[in-house]
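Tertiary structure, described
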Number of protein chains: 4
Amino acid sequence: MLGFAVVGYGYWGPNIVRNLWETPRASVRWVCDLQTERLAGVRSRYPAVQITEDFDLVLADPGVDAVVIATPVSTHFPLAMRALQAGKHVLVEKPIACRAADAERLVHEAERRGLVLAVDHTFLHTGAVRKMRELVRGMGEIYYYDSVRVNLGLFQHDVSVVWDLAVHDLSILDYVIPVRPTAVSATGVSHVAGEPENIAYLTLHFPGNFIAHIHVNWLAPVKVRQTLIGGSNKMVIYDDLEPSEKIKVYDRGITVSGSPARVGEAIHQMRVGYRTGDMTAPKLDTTEALATELRDFVTCVERRETPVADGRSGLRVVRILEAATRSLALRGETVQLENERAFA
Amino acid sequence: MLGFAVVGYGYWGPNIVRNLWETPRASVRWVCDLQTERLAGVRSRYPAVQITEDFDLVLADPGVDAVVIATPVSTHFPLAMRALQAGKHVLVEKPIACRAADAERLVHEAERRGLVLAVDHTFLHTGAVRKMRELVRGMGEIYYYDSVRVNLGLFQHDVSVVWDLAVHDLSILDYVIPVRPTAVSATGVSHVAGEPENIAYLTLHFPGNFIAHIHVNWLAPVKVRQTLIGGSNKMVIYDDLEPSEKIKVYDRGITVSGSPARVGEAIHQMRVGYRTGDMTAPKLDTTEALATELRDFVTCVERRETPVADGRSGLRVVRILEAATRSLALRGETVQLENERAFA
Amino acid sequence: MLGFAVVGYGYWGPNIVRNLWETPRASVRWVCDLQTERLAGVRSRYPAVQITEDFDLVLADPGVDAVVIATPVSTHFPLAMRALQAGKHVLVEKPIACRAADAERLVHEAERRGLVLAVDHTFLHTGAVRKMRELVRGMGEIYYYDSVRVNLGLFQHDVSVVWDLAVHDLSILDYVIPVRPTAVSATGVSHVAGEPENIAYLTLHFPGNFIAHIHVNWLAPVKVRQTLIGGSNKMVIYDDLEPSEKIKVYDRGITVSGSPARVGEAIHQMRVGYRTGDMTAPKLDTTEALATELRDFVTCVERRETPVADGRSGLRVVRILEAATRSLALRGETVQLENERAFA
Amino acid sequence: MLGFAVVGYGYWGPNIVRNLWETPRASVRWVCDLQTERLAGVRSRYPAVQITEDFDLVLADPGVDAVVIATPVSTHFPLAMRALQAGKHVLVEKPIACRAADAERLVHEAERRGLVLAVDHTFLHTGAVRKMRELVRGMGEIYYYDSVRVNLGLFQHDVSVVWDLAVHDLSILDYVIPVRPTAVSATGVSHVAGEPENIAYLTLHFPGNFIAHIHVNWLAPVKVRQTLIGGSNKMVIYDDLEPSEKIKVYDRGITVSGSPARVGEAIHQMRVGYRTGDMTAPKLDTTEALATELRDFVTCVERRETPVADGRSGLRVVRILEAATRSLALRGETVQLENERAFA
């Protein structure tokens with residue numbers, strides 16, 4: 001039985017506690033939050049759980065094996081670092097930290113101590129995204145990844161729409177697509193003076209001619225959650241708002257015949273044709289993502305395995321967020337992504 | 001009665017002839033094309049129309065008042081220039097020319113001679129786009145314009161997807177939004193060696209914090225034609241594939257209270273709230289766009305008026321296409337748009 | 001403060017307890033169920049609530065003012081009757097009873113004792129259905145009401161799809177449309193030997209030329225919840241699965257000019273034309289229906305008012321369910337509905 | 001080369017002539033209509049085709065092998081009969097006649113003379129309906145067929161919505177489902193005094209527990225063309241308004257375990273479970289239905305084969321239309337369908 005403490009009981013914390021409650025071989029020992037009325041909510045709902053405003057008390061409890069951090073973004077790094085230093089396994093809300101340098105330090109600390117560090121990239125645990133990862137392996141050459149994530153959303157004061165929404169797409173992209181971006185170009189604006197960007201467009205450049213693009217917007221009249229992946233054999237549409245057919249696989253594409261030959265001379269010998277076939281919406285696992293994620297985390301801690309969304313994937317995502325923020329400030333100028341090798 | 005010649009009888013030419021046939025005070029005197037079998041099609045369908053492969057013959061006919069040019073893009077400029085120089089009014093397929101310099105020369109030539117020069121930005125004549133222009137005037141501050149125009153499309157060998165598809169969005173944007181872009185940033189790739197880009201993303205920068213973005217793609221599994229316009233009072237969705245409710249107006253937006261004050265100090269005093277109300281899909285005029293366009297063109301020629309899509313709007317669109325092409329080659333680097341004043 | 005007992009803690013009971021918990025001036029004193037493990041669930045979740053398997057204990061508690069009955073349909077009548085006889089106000093799950101005669105006895109008993117008797121026709125408390133009732137008053141002459149409620153559903157052993165699903169439509173119809181049906185004609189079949197009908201079609205006949213039709217099916221590949229109401233001024237579509245635009249009002253209809261005159265002679269003088277205008281999706285109240293319903297019930301008990309869904313509306317619905325069941329057995333033969341006057 | 005005459009050049013006639021024009025081994029010799037301006041339209045468009053108001057002239061031409069009748073419904077029988085008596089093969093617009101007795105006489109006459117008699121059940125020649133017929137053979141036991149065909153439609157003065165719209169569903173049902181209905185029950189009303197029904201619901205009873213239902217309505221705010229077919233192995237949705245995925249096949253259904261045993265005793269031993277799997281939208285042939293139909297008709301005439309929609313299928317459909325009309329007048333009373341054997 002693994003002892004858990006949950007830090008932060010605002011929007012996401014209650015979902016974590018509710019799911020941990022049902023997770024085999026896990027018990028919730030503590031909920032920690034700075035707001036008294038939230039803790040009162042825990043007490044009435046889960047009388048057996050200890051509540052406190054004092055994080056040190058939590059860390060001092062030898063019965064706590066793992067800490068889940070669901071606090072505001074700016075506190076992820078210090079809280080996670082203290083938990084690791086106290087010898088606890090850690091699962092952090094996304095994004096893992098505000099700065100890539102901080103994320104790196106967390107990764108180092110966890111690896112040094114042999115602790116499990118996971119980041120709550122929830123979507124990776126949905127049936128739809130897992131199916132998409134599986135499908136991508138059979139789609140031939142992957143041409144592009146295009147995602148739209150817009151709605152009339154809760155404006156954040158401390159982070160831009162990129163850190164709030166694009167973080168989901170970046171984590172899915174990191175999981176589904178087996179190559180890493182080399183540069184990012186982002187444009188966007190803020191429509192409220194003094195506030196961060198509420199609309200943004202990110203292009204991710206990759207080796208070869210694969211391209212990824214993400215559109216995020218807090219000011220859209222309707223909610224859209226749609227991703228297109230184009231491959232040479234198949235194409236996929238992932239619509240997260242569809243009640244059951246979230247993934248559609250199209251047996252469509254282009255056929256190229258002839259040879260490109262010398263450009264400017266024989267170029268018109270190439271023929272680009274079309275191929276259309278059946279569309280299939282595969283059956284998906286409908287287990288709640290958070291339930292799967294917590295079960296996986298428990299198993300990883302027990303066996304000292306690497307979780308699906310480990311600290312390094314959290315770090316990769318933060319690196320792109322950081323580069324995108326720089327590019328935004330430069331009105332779309334391409335910003336190179338640090339070579340991953342350099343890190344190791 | 002205005003005498004017309006139609007040059008080019010490939011994909012679009014037959015639609016022009018069919019609609020001109022029904023246009024009051026217009027008569028089709030010539031159809032000109034280089035392919036004999038196409039001209040045979042004209043003869044069997046419209047026995048009264050003269051056919052020829054010789055453009056000079058057409059220009060020499062004093063009964064020809066106006067020439068419609070529906071030929072491949074690269075020939076727009078020379079044919080249109082010759083027609084203007086022969087004293088004919090001209091309606092050119094979009095884009096008006098391959099290069100902004102050529103488009104400028106056409107505009108100058110037409111203005112010098114007092115001839116009507118129009119470009120076939122067909123969408124401006126649809127009930128949906130006209131309604132959108134009207135709506136934009138009552139939407140308060142306009143925040144953004146976002147358009148997606150993707151499908152499994154006919155690959156073009158001579159022009160990229162930007163010149164083929166984004167030209168529609170740029171012409172609609174030019175018509176609907178009363179401000180002009182100052183710079184463009186575009187990313188995209190080609191997935192067939194030796195061929196132009198088949199997927200592209202354009203961001204248009206404007207004075208203030210209005211932003212426009214266009215996504216065009218020939219390699220999408222499904223057809224999408226969707227535009228979002230966000231304003232401070234209302235938001236609009238234009239879905240051209242909806243059979244009847246192409247325009248939806250949402251009485252939604254944000255409410256900002258408090259004052260931004262000094263950044264870093266009082267920023268959290270601002271409150272961004274939400275407002276949601278009814279959605280309305282206004283009834284739209286369903287007349288075929290090309291019929292409206294040709295009727296307007298005839299009226300403009302008769303009264304020497306400026307058409308809805310005149311040579312200058314054709315030029316503005318080509319300038320952006322050219323700048324986007326440069327930005328594409330620079331992987332998204334922002335390219336300034338020539339100051340329009342400089343032209344006049 | 002009104003003391004409540006909830007009887008039945010299976011599928012719906014937990015929702016009732018959760019909502020009662022948040023209802024002002026209401027307190028949950030008892031949960032009663034025959035299954036021990038369900039009561040254990042109550043204890044862990046609501047330690048302050050008394051649990052029992054003994055209904056008499058509940059009725060004997062003078063602190064219990066009202067009883068909510070959420071047990072299997074066949075027990076609605078005996079439990080509700082005993083609660084009324086013990087002087088408690090009663091809210092019963094739908095349908096109010098298995099037989100119209102039983103429903104009548106409940107209505108009589110409640111009226112005789114001056115107790116509030118309500119039936120849990122939950123949909124009447126949704127923003128969508130309340131808006132629909134309001135809209136119907138301005139739609140001119142009402143032509144028809146057509147509803148489709150199908151899905152791949154949980155087969156019931158004790159009741160047919162009519163008692164399980166059409167009961168919702170009948171309660172909405174009773175609430176939204178101000179006239180009462182005079183007869184019903186129903187067809188349907190069972191596809192599992194020995195089981196009740198799993199697909200059925202009901203036509204309700206009314207005075208004049210208003211007609212209502214309900215299609216219910218447990219064996220559909222997809223879930224549909226769609227109602228059309230046609231009127232001479234407006235038409236409405238209610239789609240309960242739409243996330244936000246559940247109600248759409250169409251300014252469409254027919255225009256009849258000329259006079260019908262003598263049939264067989266002047267009939268062709270009549271002209272039926274069309275009128276199309278805007279479509280509007282009004283903003284709806286999104287409060288959870290059960291929360292509104294329980295608050296209304298408390299107010300009705302406090303003030304001895306008639307609830308929106310009182311015993312008589314529960315009775316009217318059961319009368320139609322009974323008549324439809326007879327018509328089903330007669331392969332669609334029309335069954336007259338008992339005159340409501342006869343009851344009073 | 002088969003010589004054709006087309007009688008009736010109103011709404012559908014021009015489509016027939018246009019498609020016949022492209023049909024191999026067919027030539028259009030005559031178009032016959034009573035309205036001079038329509039014939040003028042033929043002359044300007046097809047100068048080589050002879051035009052006349054005199055049907056006898058057409059029948060007297062030995063170069064005419066086949067006659068296509070696209071006139072008002074009430075004239076189908078007399079014109080088709082005269083054409084058969086003149087030794088011509090005949091293709092008649094749907095429905096084949098106003099009365100089953102007349103349809104029978106046409107079938108007899110054609111069979112007696114060895115002539116091909118076809119009815120223009122156009123939908124049977126679409127890729128979607130042909131695919132559906134093919135699919136039904138692998139769907140296991142067929143449970144139900146449910147179709148909705150509604151719109152804000154052109155009111156007909158001479159026929160009810162059943163003869164105008166349900167005729168399509170009945171012809172598709174006859175083609176797709178290999179069993180014949182035994183009885184029909186129909187309800188509906190007219191909302192315009194003196195006019196035929198504009199809304200109707202038909203239930204078709206079959207041997208066993210297969211059931212079919214058709215909803216037709218000229219007064220709906222939106223257009224719907226949707227058919228559900230439920231089978232024990234698969235379920236199908238056919239949505240004719242979908243641009244490309246008109247047919248969706250769902251690998252869903254129920255699983256029945258246990259045995260029904262003696263009713264009233266062991267009934268609860270039965271378990272009805274659910275099975276859900278992938279959904280597939282098969283690629284469909286997109287050839288224009290009328291083109292396929294005319295090509296088939298030509299082949300049938302050349303080889304004296306039975307067309308897909310022969311006179312007997314036209315007769316079966318009219319018999320159901322007639323029975324439905326009787327049932328409508330009886331407010332849903334079941335009307336038996338004449339035994340097909342009796343005819344032969």
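Cut-off values and rules
- Residues numbered from 1 in each chain as written.
- Chains lettered and ligands numbered in written order.
- Predicted model: local features only at pLDDT ≥ 70, side-chain atom pairs only at ≥ 80, totals over all residues.
- Heavy atoms only, no water.
- Buried < 20%, exposed > 50% of the residue type's maximum accessible area, 1.4 Å probe, protein only.
- Helix = DSSP H or I, 4+ residues; strand = E, 2+ residues; numbered from the N terminus.
- Pairing = 2+ DSSP bridges.
- Right-handed = clockwise from strand over helix to strand, strands pointing away.
- Phe/Tyr/Trp six-rings, centres within 6.5 Å; stacked < 30°, edge-to-face > 60°.
- Lys NZ or Arg CZ within 6 Å of the ring centre and 35° of its normal.
- Contact = heavy atoms within 4.5 Å.
- Salt bridge = Lys/Arg side-chain N within 4 Å of Asp/Glu carboxyl O.
- Polar contact = N/O pair within 3.5 Å; in protein donor to acceptor, adjacent residues only side chain to side chain.
- Nonpolar A, V, L, I, M, F, W, Y, C, P; charged D, E, K, R; others polar.
- Axes fitted to C-alpha atoms, helices over the stretch in contact; angles between N-to-C directions.
- Least-squares fit on C-alpha atoms with pLDDT ≥ 70 in both.
- Left-handed = near helix turned anticlockwise from the far one by under 90°.
- Disulfide = S-S within 2.5 Å.

Turning next to the pairing of strand β6 (residues 117-120) of chain B. Residue and element names in this part refer to chain B. Taking every second residue as pointing to the same face, both faces of β6 are buried, with Leu-117 and Val-119 on one and Ala-118 and Asp-120 on the other. Looking at chain direction, strand β5 (residues 89-93) and β6 are connected through 4 bridges and run parallel. Among the inter-strand pairings, Val-90 is bridged to a residue of β6, identified as Leu-117. Traced from β5 through helix α5 (residues 100-113) to β6, the parallel crossover comes out right-handed.

Residue and element names in this part refer to chain B. Taken as a whole and judged by the stated rule, the model has 16 aromatic pairs over all chains. Ring plane angle 50° and centroid distance 4.8 Å describe the contact between Trp-21 and Tyr-46, whose orientation is recorded as tilted. One end of the pair, Trp-21, is in helix α1 (residues 13-22); the other, Tyr-46, is in the loop between α2 (36-45) and β3 (50-52), and 25 residues separate them in sequence. We classify Trp-21 as partly exposed; its relative accessible area is 42%. The side chain of Arg-149 reaches across the aromatic face of Phe-123, ending 4.9 Å from its centre.

What follows is about the interface of chain B and chain A. Across the boundary between the two partners, chain B contributes 53 residues, which contact 53 residues of chain A. Seen at the junction of chain B and chain A, the total is 0 salt bridges. Applying the counting criterion to the chain B and chain A interface returns 19 residue pairs in polar contact (both at pLDDT 80 or more). Among the elements of the structure, β7 (142-152), β8 (183-189), β9 (199-205), β10 (211-217), β11 (219-231), β12 (235-239), β13 (247-257) and β14 (271-281) of chain B are those that each provide at least two residues to the side of chain B that touches chain A. Residue composition of the side of chain B that touches chain A, grouped by class: 28 nonpolar, 20 polar and 5 charged.

Residue and element names in this part refer to chain C. Position of Arg-316 relative to the elements: it lies in helix α9 (residues 311-329). The class for Arg-316 is buried, based on a relative accessible area of 17%. At a separation of 2.7 Å, a polar atom in the side chain of Arg-316 contacts the side chain of Asp-174.

This part takes up the sheet that holds strand β2 (residues 26-32) of chain D. Residues and elements named next belong to chain D. With parallel pairing, 6 strands are arranged side by side in an open sheet as β3-β2-β1-β4-β5-β6. Every interior strand has two partners, whereas the edge strands, β3 (50-52) and β6 (117-120), have only one. Sheet twist, expressed as the average angle between the axes of neighbouring strands with direction ignored, equals 20°.

For the rest of this paragraph, the subject is the sheet that holds strand β2 (residues 26-32) of chain B. Residue and element names in this part refer to chain B. Taken together, the 6 strands give an open sheet; going across it, the order is β3-β2-β1-β4-β5-β6, and neighbouring strands pair in parallel fashion. With partners counted over all chains shown, the strands left at the sheet margins are β3 and β6, one partner each. Going across the sheet, the axis of each strand differs from the next one's by a mean of 20°, ignoring polarity. In this sheet, β2 lies alongside strand β1 (residues 2-7) in parallel orientation, the contact comprising 6 bridges. Of the residues in β2, the one forming a bridge with Phe-4 is Val-28.

Bringing the relation of the copies chain B and chain A into the picture now. Structural alignment of chain B on chain A gives an RMSD of 0.1 Å, achieved by rotating through 180° and translating 0.0 Å along the axis. Here the two chains are linked by the operation of a two-fold rotation axis. The position closest to the rotation axis in chain B is occupied by the C-alpha of Glu333(B), lying 2.6 Å away. Most of the interface of chain B is mirrored in chain A, where 100% of its interface residues are also at the interface.

Turning our attention to the packing of helix α1 (residues 13-21) of chain D against helix α8 (residues 289-303) of chain D. Residue and element names in this part refer to chain D. Close contact between α1 and α8 brings their axes to 9 Å; oriented N to C, the two are set at 65°. Note that α1 runs across α8; the crossing there is right-handed. Residues Asn-15, Ile-16, Asn-19 and Leu-20 of α1 form the contact with α8, whose participating residues are Leu-290, Ala-291 and Leu-294. Looking at the contact of α1 with α8, its residues break down into 5 nonpolar, 2 polar and no charged.

Let us look at the state of the cysteines. All names here are of chain B. Tallied over the entire structure, the rule returns 0 disulfides over all chains. With no disulfide partner, Cys-32 has as its closest neighbouring cysteine sulfur the one in Cys-98, 19 Å distant. A relative accessible area of 4% means that Cys-32 is categorised as buried.

Moving on to helix α1 (residues 13-22) of chain C. Burial in α1(C) covers these residues: Gly13(C), Ile16(C), Val17(C), Asn19(C) and Leu20(C). Looking at the packing, one finds that the buried side of α1(C) touches β1 (2-7), β2 (26-32), β4 (66-69) and α8 (289-303) of chain C.

Tracing the sequence through the fold places Lys234(A) in the loop between β11 (219-231) and β12 (235-239). The residues contacting Lys234(A), other than those within four sequence positions of it, are Gly138(A), Met139(A), Ile229(A), Val249(A), Tyr250(A), Asp251(A) and Arg252(A).

Turning our attention to the pairing of strand β8 (residues 183-189) of chain D. Residue and element names in this part refer to chain D. Summarising burial for β8: 7 of the 7 residues are buried, a large majority. Burial of the side chains of β8 extends over both faces: Ala-183, Ser-185, Thr-187 and Val-189 are buried on one face and Val-184, Ala-186 and Gly-188 on the other. Bridge count between β8 and strand β9 (residues 199-205): 7 bridges; the pairing is antiparallel. In the sheet register, Ala-186 faces β9, and the bridge partner there is Leu-202. Sheet topology note: the β8/strand β15 (residues 335-336) ladder contains 2 bridges and is antiparallel. Looking at β15, one finds that Val-184 is bridged to Val-335.

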